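Each chain, letter by letter, is given below.
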Amino acid sequence: MHKKLVLLGLLACAIGIWFAAAWLKENASTEVQIRMTKTTQDEWFVSYIFADSVTQATFVRNPDHSRIERWQPIDNDYYIGVDAESGHEFIARIDGRAFNSVAFQLEPTYVTLRKDYAPFSPFSDGGVSWYSGRFKVCPQSCSSALRFDYAFTMEAPLSDFVRLPEHSERGQLVWRESASDGQVIYVGPQQPGPAVEHGFETIIDPILPVSLKRRLLSDVPPLTQYFNQRMPHLAERPMLLASFSSTDNGRYGYQGGVIGNQMVLHWYGHSMAERITAPYFVEDTIWFVAHEFAHLYQAGQFSNDSAWIHEGAAEYMALEYLRSIGANSVYLNHRMKKASEQCLASSDKFELHYACGLLWAAEIDQQIKREYPHGLFFLWYMYVQALDEQPRSDPVDLYFELMAQLTNQEFTQQLQGQIAQRFARLESQQVAP
């Protein structure tokens, strides 16, 4: 009897070890090596090395299919395709065989990705910033992307600095990221300077008009003070990257984004010297920068499915900042009127997150200000603090919970119904013949 118990115990241990080994194998992180290279001839390349052989590598972020045209395989045995079911781009061999490494030549020019960050933002001095999230792939599929660990290497001529926030080297920089992370890496002649009064590390394109550069630097201190008085302070020193690139298709505009503690501003199109004389250019610029400032202080609390929460709030915070500095009321009324028209008539979900989000944020602010003078800012202060102390699987629920605490349950439920009704109408518009 004693021997049987021992044998059963050993068998149980063996089974436990087997299950533990299987679990570790299934859940262990897998490293993908990504090497970005800039040559002395300003050619750009990316290469991938996988720990195990794969028959395909799937891209983590897929806002469009422009890689098919903009990435050229070094070896013609490889191609970039699109999965018919998911719409995701992937890398594979033409003959379907497995591989451990692959490389592409890249086109380091600016391209607008409507729902994502541009892969490259050129600077007029020969520098380039690029977004690491654009280059991450999953071995086989991205069904469990968080299992993958990315070892990045950026190689450039020794004349270039490779810069991340608080991290800079000449010619080469090595770092690691997870699938959910992303950073903007600057490669170019601008070296890190001494800390400035407003605390930002800045990389600003020298081709931007002097008046615009002065405007950016002069707006940063009051914006920082404004948000510091209303939101939790930034945990890390932020980096500001502002760049410009010309276009040959007649398109012009600007695009911004916040990635971690980096704020990216990019203007594209025809001469900035001409555009700064256009009506409301100054107001547009301040709104643009204030919107991105709001995202910086929102501390990464974003939801793609409910983007109206953070985009609408950022729009309203920009509006409130411009009001606080006495901006042109005609311009501000125009922005609100345009948002009302778009929210009512647009069939573009992306537009609705901004337009309707601004109007809903204004409603929330008005209700909260009946009791609390900082209105929407106070809701976001509580929201960021609560998620920092205890992350939630569904932060949208928390947003409405806090809203109900600061207003009342009736208002919160009515707003939820209004939001659900607007997006339901959008879906019916999109499926209609």
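Preceding block: the structure.
Just so you know, these numbers come straight off a predicted model, no measurement behind them.

Draft legend 1. Inspection of the overall build of the protein at higher detail. A count of helical and extended segments in the protein gives 11 helices and 19 strands. Computed over the C-alpha atoms, the radius of gyration of the protein is 25 Å, within 12% of the 22 Å expected from 2.2 N^0.38 for a compact globule of 433 residues. By its C-alpha atoms, the protein is 85 × 65 × 55 Å across when sized along the principal axes. Relative to its full complement of 433 residues, the protein shows a buried share of 47%.

Draft legend 2. Looking closely at the side chain of Ser346. Note on placement: Ser346 falls in the loop between helix 7 (329-345) and helix 8 (349-368). A residue is classified by how much of its surface remains accessible, and Ser346, at 10% relative accessible area, is buried. A polar contact is formed between the side chain of Ser346 and the side chain of Glu351, at a distance of 2.7 Å. Setting aside chain neighbours within four positions, we find Ser346 in contact with Glu341, Glu351, Leu352, Arg422, Leu426 and Gln429.

Draft legend 3. Looking closely at the sheet that holds strand 2 (residues 44-54). The strand order across the open sheet built from six strands is 4-7-2-1-11-14, with neighbouring strands paired in mixed fashion. Lying at the two open borders of the sheet, with one neighbouring strand each, are strand 4 (72-73) and strand 14 (172-178). Sheet topology places strand 2 next to strand 7 (residues 99-106); seven bridges connect them, and they run antiparallel. Looking at the pairing, Val46 lines up with Phe104 of strand 7.

Draft legend 4. Structural view of the state of the cysteines. Counting across every chain of the model gives two disulfides. A sulfur-sulfur separation of 2.1 Å characterises the disulfide bridge that pairs Cys343 with Cys356. Residues Cys343 and Cys356 share a disulfide whose torsion about the S-S bond is about 110 degrees; that sign makes it right-handed. Separated by 13 residues along the polypeptide, Cys343 in helix 7 and Cys356 in helix 8 bring together distant segments of the chain. Exposure remark for Cys343: the relative accessible area of 10% places this residue in the buried category. Accessibility expressed as a relative area gives 0% for Cys356, which makes it buried.

Draft legend 5. A look at the pairing of strand 9 (residues 128-131). Side chains Val128 and Trp130 project from strand 9 onto one buried face, and the interleaved Ser129 and Tyr131 project onto a second face that is buried too. Sheet analysis places strand 8 (residues 120-122) next to strand 9, joined by three bridges and oriented antiparallel. Bridge pairing in strand 9 places Phe120 opposite Trp130. Linking strand 8 back to strand 9 in an antiparallel pair, the connection comprises five residues, with Gly126 at a positive phi of about 95 degrees. As defined by bridge partners, strand 9 adjoins strand 15 (residues 184-188) across four bridges and the pair is classed as antiparallel.

Draft legend 6. Quick look at the nonpolar core. One finds Phe227, Trp267, Ile364, Trp380 and Tyr399 to be the most contacted residues of the largest nonpolar core, which totals 71 residues. Tyr48, Phe120, Leu164 and Ala179 belong to the second largest nonpolar core, which has 37 residues in total.

Draft legend 7. Representation of the sheet that holds strand 12 (residues 161-164). The five strands are arranged 8-9-15-12-13 in an open sheet whose pairing can be described as antiparallel. With partners counted over all chains shown, the strands left at the sheet margins are strand 8 and strand 13 (167-170), one partner each. Adjacent strand axes in the sheet meet at a mean angle of 15 degrees when their direction is disregarded. Note: strand 12 against strand 15, three bridges, orientation antiparallel. Along strand 15, the bridge assignment pairs Val162 with Val187.

Draft legend 8. Structural context of the layout of surface pockets. Empty space within the second largest pocket amounts to approximately 300 Å³. Among the residues forming the lining of the second largest pocket, the class breakdown is five nonpolar, six polar and three charged.

Draft legend 9. Molecular detail of empty space enclosed by the protein. Enumeration according to the criterion identifies two cavities of 30 Å³ or more in this entry. In this structure, the largest cavity occupies an estimated 130 Å³ of space. Every residue lining the largest cavity is counted, 16 residues in all, and those nearest its centre are Tyr110, Tyr117, Ala118, Ser121 and Val264. Of all the secondary-structure elements, those providing two or more residues to the lining of the largest cavity are strand 8, strand 9, strand 18 (253-259) and strand 19 (262-269). In terms of residue count, the dominant contributor to the lining of the largest cavity is strand 18 (four residues). Of the voids in this model, the second largest cavity is the one considered here, and its volume is about 40 Å³. Looking at side-chain class alone, the lining of the second largest cavity contains five nonpolar, no polar and two charged residues.

About the cut-offs
Residues numbered from 1 in each chain as written. Predicted model: local features only at pLDDT ≥ 70, side-chain atom pairs only at ≥ 80, totals over all residues. Heavy atoms only, no water. Helix = DSSP H or I, 4+ residues; strand = E, 2+ residues; numbered from the N terminus. Rg over C-alpha atoms; globule rule 2.2 N^0.38 Å. Buried < 20%, exposed > 50% of the residue type's maximum accessible area, 1.4 Å probe, protein only. Polar contact = N/O pair within 3.5 Å; in protein donor to acceptor, adjacent residues only side chain to side chain. Contact = heavy atoms within 4.5 Å. Pairing = 2+ DSSP bridges. Disulfide = S-S within 2.5 Å. Core = buried A, V, L, I, M, F, W, Y, C linked by side-chain atoms within 4.5 Å. Axes fitted to C-alpha atoms, helices over the stretch in contact; angles between N-to-C directions. 1 Å grid on protein atoms, 1.4 Å probe; cavity = no way out; pocket = protein on both sides within 12 Å on 5 of 7 lines; lining within 4 Å. Points joined across faces, edges and corners; volume = space filled by probe spheres on them. Nonpolar A, V, L, I, M, F, W, Y, C, P; charged D, E, K, R; others polar.

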